[in-house]
Amino acid sequence: MTVVHFSNVPTVPVKNLNGSSPVHPALAGITGILMSAAALPVCLTRPPKLVLHPPPVSKSDIKPVPGFGHCCRKTTKKQARKGKTPEEVVKKYLQKVKSPPEEDCTICMEPLGGPSGYKGPGVTPVSRAESVGRLAQCGHQYHFQCLVAMYNNGNKDGSLQCPTCKTIYGVKTGNQPAGKMEYHVIPHSLPGHPDCKSIRIIYNIPPGLQGPEHPNPGKPFTARGFPRHCYLPDSEKGRKVLKLLLVAWDRRLIFSIGTSSTTGESDTVIWNEVHHKTEFGSNLTGHGFPDPGHLNNVLEELRAQGITEDDGLMEK
């Protein structure tokens, strides 16, 4: 049989019907027949291979991340908070408004000059002078009772987030279940980062019962896919991101409990809007390397959670 090699012919990656490789002979044959019938040259190739994990690493090759005096961080169940009432928390971040503007409160969509449209539980009467407040940093104005209701529907952690511009007042925390975060350097480079080794992060959260801060208190939650392995380049910027991820872990912001966007399962541990790379040696799923903008994107996502580089300076 004569094999004809075509130059300057684009290759056509063909996957097996179940997504595996090598190319299924029947599928390759059908594709070849169809392309030949259309007078097109045929040049089938195998699809790129998914590489989730690095090559095997011995314990002696695993090293601490430079500049970090530890390699593990645990979180425990949330402790009950005592002290200030929701009204006291909200007032701390507000300035009084003598003459409310002629616009609607964007929480209840009722005029600021009138009463709050919120009629649910926990509403306490307020004087007209205190009925509207301005958030001190961003300047957005709301009914005081609407802000209290919003706070009561959140994590009740002493922080408040402007619903319009997302400015965070206080220290935002989440409802991440108890678990363990490990991190170390492995002697392999990530695609796009040939000049440095890699930081491997291992998250482990076991299943358990939901607490009062979760969607369904007392109900079991699942924890699929743990331990989860994630990767960063062991560069100056990669270590900066790791420091801020440690802050996010301590504040219980890396994971949450909710409904999985991939499986539709409810009451399960899910990622919480801070993207991680779980694909070590490829980028077929969009969760791998190379990705030149990844580190900057993570810094922006952490900033949206109220975590800045100043927080990283305090991380030891």
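Residues numbered from 1 in each chain as written. Predicted model: local features only at pLDDT ≥ 70, side-chain atom pairs only at ≥ 80, totals over all residues. Heavy atoms only, no water.

Taking an unreviewed UniProt entry as the reference, the protein chain is identified by name as E3 ubiquitin-protein ligase belonging to Pagothenia borchgrevinki. Regarding the protein chain, the relevant UniProt record gives this comment under Pathway (unreviewed entry): "Protein modification; protein ubiquitination." Taken verbatim from the UniProt record of the protein chain, the Sequence similarities (unreviewed entry) comment is "Belongs to the Deltex family." (UniProt positions renumbered as here; feature names shortened; annotations may be inferred.)

Asks: So what exactly am I meant to see when it comes to the packing of aromatic side chains here?
Replies: Two measures describe an aromatic ring pair: the distance that separates the ring centres and the angle between the ring planes. Scanning the model with the defined rule gives eight aromatic pairs in all. For the ring pair Y203 and W271, a centre distance of 6.0 Å and an interplane angle of 80° mean the geometry is edge-to-face. Of this pair, Y203 sits in strand β10 (residues 198-204) while W271 sits in strand β15 (residues 268-271); the two residues are 68 residues apart in sequence, bridging distant segments of the chain. The class of Y203 is buried, set by a relative accessible area of 0%. (Phe/Tyr/Trp six-rings, centres within 6.5 Å; stacked < 30°, edge-to-face > 60°. Helix = DSSP H or I, 4+ residues; strand = E, 2+ residues; numbered from the N terminus. Buried < 20%, exposed > 50% of the residue type's maximum accessible area, 1.4 Å probe, protein only.)

Asks: Is there a simple way to explain the side chain of S256 in this structure?
Replies: When you line up the elements, S256 lands in strand β14 (residues 255-258). Residue S256 is classed as buried on the basis of its relative accessible area, which comes to 12%. Here N175 takes part through its side chain, which lies 2.8 Å from a polar atom of the side chain of S256. Contacts of S256, omitting those with residues within four sequence positions, involve N175, T268, V269, I270 and N272. (Polar contact = N/O pair within 3.5 Å; in protein donor to acceptor, adjacent residues only side chain to side chain. Contact = heavy atoms within 4.5 Å.)

Asks: Help me out: how do you make sense of the nonpolar core in this one?
Replies: Taken as a class, soluble globular proteins show a tendency for nonpolar side chains to be buried jointly. Within the largest apolar cluster, 33 residues are counted, with the highest numbers of intra-cluster contacts made by M181, I201, Y203, L242 and L245. Per-element accounting of this core gives the leading share, eight residues, to helix α4 (residues 236-250). What L242 contacts, discounting residues up to four positions off in sequence, is V65, F68, M181, Y183, I199, I201 and L232. Membership of the second largest hydrophobic core comes to 19 residues, among which are V89, L112, Y142 and Y151. (Core = buried A, V, L, I, M, F, W, Y, C linked by side-chain atoms within 4.5 Å.)

Asks: So what exactly am I meant to see when it comes to the pairing of β14 here?
Replies: With burial as the criterion, each face of β14 is covered, one bearing F255 and I257 and the other bearing S256 and G258. Note: β14 against β15, four bridges, orientation antiparallel. Opposite I257, over in β15, you have V269 as the bridge partner. (Pairing = 2+ DSSP bridges.)

Asks: Whenever I open this one, the environment of Y151 confuses me. Can you help?
Replies: Mapping Y151 onto the fold places it in helix α3 (residues 144-152). With a relative accessible area of 8%, Y151 lands in the buried category. Once you skip the residues sitting within four places of it in the chain, Y151 turns out to touch P86, V89, V90, K156, D157, G158, S159 and L160.

Asks: In this structure, what is going on with the packing of α4 against helix α5 (residues 294-304)? I would like to understand it.
Replies: Here α4 crosses α5 at 25°, and the two axes come no closer than 10 Å. Overall, the two elements α4 and α5 adopt an arrangement that is roughly parallel. The handedness of the crossing between α4 and α5 is left-handed. From α4, K237, G238, K240, V241, L244, L245 and A248 reach across to α5, where they touch L295, N296, V298, L299 and L302. The class makeup of the residues in the contact of α4 with α5 is eight nonpolar, two polar and two charged. (Axes fitted to C-alpha atoms, helices over the stretch in contact; angles between N-to-C directions. Parallel < 35°, antiparallel > 145°, perpendicular 65-115°, else oblique. Left-handed = near helix turned anticlockwise from the far one by under 90°. Nonpolar A, V, L, I, M, F, W, Y, C, P; charged D, E, K, R; others polar.)

Asks: How should I be thinking about the pattern of salt bridges in this particular structure?
Replies: The tally for this structure, following the rule as stated, stands at 10 salt bridges. Its salt-bridge partner being D250, residue R73 comes within 2.4 Å of it at the nearest N-O pair. With a gap of 177 residues between them, R73 in strand β3 (residues 72-75) and D250 in helix α4 connect regions that are remote in the sequence. Note on R73: relative accessible area 15%, which makes it buried. Salt-bridge contacts for D234 lead to R239; the nearest nitrogen and oxygen are separated by 2.8 Å. (Salt bridge = Lys/Arg side-chain N within 4 Å of Asp/Glu carboxyl O.)

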